[in-house]
Amino acid sequence: MKIVVPSPLVSYTQAREVEARGATLAAVFADLDRRYPGLRFRVIDEQDKLRRHMRVFVNGEQEFDLARSLEHADTVQIVQALSGG
Amino acid sequence: MSRRTAKQAKQKKAPARARAKQVSRPLILVATRKGAWIFHGDPARRSWRADGPHFLGHIVSHVVLDPRDRRTLLAAAKTGHLGPTIFRSTDFGRTWKEAAHPPAFPKAREGEKGRVVDHTFWLTPGHASEPDAWYAGTSPQGLFRSQDGGATWEPMPGFNDHPEYRLWMGGEQDGTPDGPKLHSIIVDPREAKHLYLGMSGGGVHESRDGGRTWAPLIKGLEVVEQLDPANVQFHDPHCVRLCPSNPDRLYQQNHCGIYRIDRPSNEWVRVGKAMPKKVGDIGFPMVVHPRDANSAWVFPMDGTSVWPRTSPDGRPTAYGTRNGGKTWRRLDSGMPATQAWWTVKRQAMTADARDPVGLYFGTTSGELWMSRDEGERWSCIARHLPEIYAVEAAEPR
C-alpha cells in the first residue's frame, strides 16, 4: 500500500511516497523498518506507542491504534505533528 | 651511508609518541541544539576550520571520539519530533551510520507503565581493555552499554531496574528543565569494572562489579536547604570528573557547590567554599588537568534567587585551581568584561592533553572559545552557532 512519509524521514526512504505491506499499522511499520532500517524507532517508542509529536492518518483519518487493520488499497500518511515553535 | 639532515636525525631520536604529537591535528567536537560541528585545528591550535553542520536540525547532546582507535566517532541525536538515536562514523564525519539498536528501555509488562528514552545525553568509551565497549546515559535516567562499538545497545538492568535505584532517580518531574539525566559515566583507567556515574537528580554512585550493583557516594555533599542530605534523590551532581594522573581523586561541580574526593575516603569536601562570595561556587562544567591532579577548572554560573543560569553579573569567567581547590583564581582575560549573559553547560567545557593544556568551552549563545595556555588568555574560535550542549577535544589518528 502507499505510505506517505514526512520530510524528516526522507533521509531513510529517499522518497516522499513508498510502498509497504502489512495487515495492520504495526505490521506496516515493521515492514518499513525492514526496508528502511531505523525508521520505526524514530516514530514509535520502545513501548510500542507513537511518539508524542508524530501522527498517523489512514485514508485521511487520524489513527493512534497500531493494531488497526489495513487493506491493500489504504493510504497511510505519517505526519510530523504541528507542535513547538 | 645515507645523508640525513639534522632535523631528520633529531626526529629519529624522538619517541614515536612525541613525533605523532608534533604532526597531529586536533579536533574540537561541538554538539548543539541544531546539529554538530567538527573543528579541525592546525598542529599549533591557532587556526580552526569548521566542518558542519552534521545532522542539521537534530538536537545533538554529545559527540565523542573513541580514544582507543582515535577514529570512531559516536554522536547522540534526536529531533524535536523524531525519536533518539546514535550515529557512528569511522571517517571523521564524512559518512555516518545509524545504530541498529539505539539505547531503549525494555518493553513493559502488560499493565505496567514503561519508560521511554527521550534522548541519549552522555557517551563514555569503555576501558582500554574493552576496545568495542561504550556506555550511554539517557534522559530519563538510564544506563546502557554497547559491546560492538555503538552499533547495538543494551540496557544495564542491574542499574535501570533495581527498585531501590529507581527511588534514587525520583520522578520524571524531578530532573532538570530539559528532563532528568544520567551523566558523568566514568571508567577507572586501572580497573574496567570500577565505574562512577552521576544523576540529575539522583546523586553520585559507584560500582565495583561492572555495573551489576551500585552504592551511593554522597557523603559530604550538600543539598538544597531544608531537604535531607541522606535522601539520595535530593542530590544533584552537575558534572563529575576523575583525574587521569591520580584516579583516586575526583572533582565535582554540584548544584550545591564544588567538591573534591580522595579515595578511599567516601566523603566529599566542598572546595568551592574558597571561591569569592560574590561569584559563588555554582555552575555546571568541571574540567581536570590531564597530568596534574591539583589543577582543575570550573565556569561559575548565577545560581542565586530564581537561578538565572547566566554568568554572574554578566561577566563570564573560568576559575582555576592549582592546589586541589584550596584557592581559586579568576581566568577571564580575553572574555567580555561586561553585559555578556551566556553561560556554559555541563558537557560544554573540556581540556586537551597537550602541554600546555588547551581549554575549550561552548556557550549557550553559540560561541566557541579556547585557551592555549591553561586559561590565562582566551580567544573566540567561532560565533553564531546554535546553543552549544557539548564540547570535546580530540586527537585523531
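Participant: Help me out: how do you make sense of the interface of chain A and chain B in this one?
Facilitator: Many authors give the size of an interface as the accessible area that is lost as the parts come together. With 15 residues of chain A in contact, the opposing surface of chain B contributes 15 residues. The residue inventory of the side of chain A that touches chain B, partitioned by class, reads 5 nonpolar, 5 polar and 5 charged.

Participant: Please explain the sheet that holds strand S6 (residues 85-89) of chain B as it appears in this structure.
Facilitator: Through backbone hydrogen bonds, the strands of a sheet pair up, either in parallel or in antiparallel fashion. Residue and element names in this part refer to chain B. A sheet is described by the order of its strands in space; here 4 strands give the open sequence S4-S5-S6-S7, paired in antiparallel fashion. Of all strands in the sheet, those with a lone pairing partner are strand S4 (59-65) and strand S7 (97-98), marking the two edges. Alignment of strand S5 (residues 73-78) against S6, held across 5 bridges, turns out to be antiparallel. Note that in S6 the partner of Leu 73 across the bridge is Ser 89.

Participant: Can you help me understand the pairing of strand S10 (residues 142-146) of chain B in this one?
Facilitator: Regular strands place side chains that alternate from one sheet face to the opposite one. Residue and element names in this part refer to chain B. Among the 5 residues that make up S10, 5 are buried, leaving the element largely enclosed by the rest of the structure. Neither face of S10 is open: one carries Gly 142, Phe 144 and Ser 146, the other Leu 143 and Arg 145, and all of them are buried. With antiparallel pairing between neighbouring strands as the criterion, strand S9 (residues 134-139) and S10 make up a hairpin whose turn holds 2 residues. Two elements, S10 and strand S11 (residues 154-155), share 2 bridges in a ladder whose sense is antiparallel. Each bridged residue has a counterpart across the sheet, and for Arg 145 the counterpart in S11 is Glu 154.

Participant: Can you help me understand the confidence of the model for chain B in this one?
Facilitator: If pLDDT is low for a region, its predicted coordinates should not be looked at in detail. All names here are of chain B. Overall, the prediction assigns chain B a mean pLDDT of 92, with 93% of residues at 70 or greater. For residues 1-22, every residue scores under 50 in pLDDT, and the model assigns this stretch 4 contacts once sequence neighbours within four places are set aside. This complex was scored by the predictor with a pTM of 0.92 and an ipTM of 0.90.

Participant: How do you make sense of the nonpolar core when you look at a structure like this?
Facilitator: Generally speaking, a soluble globular protein has its nonpolar side chains buried in company with each other. Ranked by internal contacts, the top residues of the largest apolar core, which has 101 residues, are Ile 28, Leu 29, Val 30, Val 60, Val 63, Ala 75 and Val 391 of chain B. It is strand S27 (residues 388-394) of chain B that provides the largest number of residues to this core, a total of 6 residues. Setting aside anything within four residues of it in sequence, one finds Ala 75 of chain B in contact with Ala 36, Phe 55, Val 60, Val 63, Ile 86 and Phe 87 of chain B. Judged by nonpolar contacts, the second largest core, of 17 residues, contains Ile 3, Val 28, Phe 29 and Leu 32 of chain A.

Participant: Mind showing me how you'd approach unusual backbone geometry here?
Facilitator: Excluding glycine, most residues fall at negative phi; most peptide bonds, likewise, are trans. Residue and element names in this part refer to chain B. Cis geometry is found at the peptide bond from Arg 263 to Pro 264, where omega equals 15°. Residue position: Pro 264 is located in the loop between strand S18 (257-262) and strand S19 (283-288). Across the junction of Asp 355 and Pro 356, the peptide omega takes the value 0°, indicating a cis bond. With respect to the helices and strands, the residue Pro 356 is situated in the loop between strand S23 (349-351) and strand S24 (359-362).

The rules behind the values
Residues numbered from 1 in each chain as written. Chains lettered and ligands numbered in written order. Predicted model: local features only at pLDDT ≥ 70, side-chain atom pairs only at ≥ 80, totals over all residues. Contact = placed C-beta atoms within 7 Å. Nonpolar A, V, L, I, M, F, W, Y, C, P; charged D, E, K, R; others polar. Pairing = 2+ DSSP bridges. Helix = DSSP H or I, 4+ residues; strand = E, 2+ residues; numbered from the N terminus. Buried ≥ 20, exposed ≤ 12 C-beta atoms within 10 Å, placed from the backbone. pLDDT = per-residue confidence, 0-100. Core = buried A, V, L, I, M, F, W, Y, C linked by C-beta atoms within 7 Å.

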